[in-house]
Amino acid sequence: MSPMPTVQTSPLVLPPPFTQVAADGNALQEALRLAPVEGAGSFVYRCAGGVWSVAVVLEPEVPLATARLAVFAGMGALGDALAAHCAPERSVRFDYPDGIRYDKARLGGGRLSVPQGCAEDQVPDWLVFSAELIADRDHLADPGVFPDSTSLKEEEFDGPEAIMETFASYLMLYFDRWKHQGFAAVAERYLARIDPPMLSGTRVLEDGDLVERTPGGAERRIRLAEGLAACRWRDAERDGPRL
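Quick look at the structure, then.

Thresholds, definitions, all that
Residues numbered from 1 in each chain as written. Predicted model: local features only at pLDDT ≥ 70, side-chain atom pairs only at ≥ 80, totals over all residues. Heavy atoms only, no water. Core = buried A, V, L, I, M, F, W, Y, C linked by side-chain atoms within 4.5 Å. Buried < 20%, exposed > 50% of the residue type's maximum accessible area, 1.4 Å probe, protein only. Helix = DSSP H or I, 4+ residues; strand = E, 2+ residues; numbered from the N terminus. Contact = heavy atoms within 4.5 Å. Pairing = 2+ DSSP bridges. Axes fitted to C-alpha atoms, helices over the stretch in contact; angles between N-to-C directions. Salt bridge = Lys/Arg side-chain N within 4 Å of Asp/Glu carboxyl O.

**Some words on the nonpolar core**
Core analysis: the largest hydrophobic core is formed by 56 residues, its most contacted members being Phe 43, Trp 52, Phe 72, Leu 82 and Phe 167. Per-element accounting of this core gives the leading share, nine residues, to helix H3 (residues 70-84). Beyond its immediate chain neighbours, meaning those up to four positions away, Phe 72 contacts Tyr 96, Phe 183, Val 186, Tyr 190, Leu 205, Gly 208 and Leu 224.

Spelled out as structure tokens, the structure:
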């Protein structure tokens, strides 16, 4: 595998539903600008400043309460794409609902943006699934000061174009599974990547909330909306993934 470059140098090869947009600035902000105008399919990306970012515009056909579950399709697709372009003996895992870890180190995460004021029982005009990953930590004099994080470059992932192209293909696959096999097909694959691992059936998604049940009958529930709002993997002041 080749080291991670910091800037894309060639167009992506994406499936037909997607229209690629190489962002000059923040990929999510560009996708939010395009969403009401261009509609579904805009695939905005950027790799600069040590951060790999992508944002995809979606057009759901169901109320927000159900449409919000699209975050699991996005996360699942991103997890599978990363796993396809890293060393096979290492693991890509999730911190529910939106954090991504590689071999236990924080790599970044995903977000789901919705139109302001959209009610839970209202069909959103659009959604944007976005993700940011630490591309490199070259600006750090001593990366060892941040042992809880890592980067695509340090872990020798394949280049950003390959990861984004694979992500786009997997995203289509996940939505196809959802349509023909039901949301359970998406949830099962997402749950398999949550840290720490648990026995099958002891961890489930109920309306997007994570419910964990112990053998003794105790139950813990983590609310999806609250978890997405917290965005614990991201540093707002740095405007990127936490180091």
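**Brief notes about the sheet that holds strand E8 (residues 203-206)**
Sheet architecture is open: three strands sit in the order E8-E9-E10, paired in antiparallel fashion. In the strand order of this sheet, the two ends are held by E8 and strand E10 (219-222), each with one partner. Strand after strand, the sheet turns through a mean of 25° between neighbouring axes, direction not considered. Bridge count for strand E9 (residues 209-213) against E10 is four bridges, and the pairing is antiparallel. Across the sheet, Leu 210 pairs through a bridge with Ile 222, a residue of E10.

**Regarding the pattern of salt bridges**
Under the definition given, this model contains 19 salt bridges. A salt bridge links Arg 234 to Glu 132; its shortest N-O distance comes to 2.5 Å. Within this pair, whereas Arg 234 is found in strand E11 (residues 234-235), its partner Glu 132 is found in strand E7 (residues 127-134), the two being separated by 102 residues in sequence. Both residues of the pair, Arg 234 and Glu 132, belong to the buried class. Salt bridges sharing common partners tie together Glu 206, Asp 209, Arg 213, Glu 219, Arg 221 and Arg 223.

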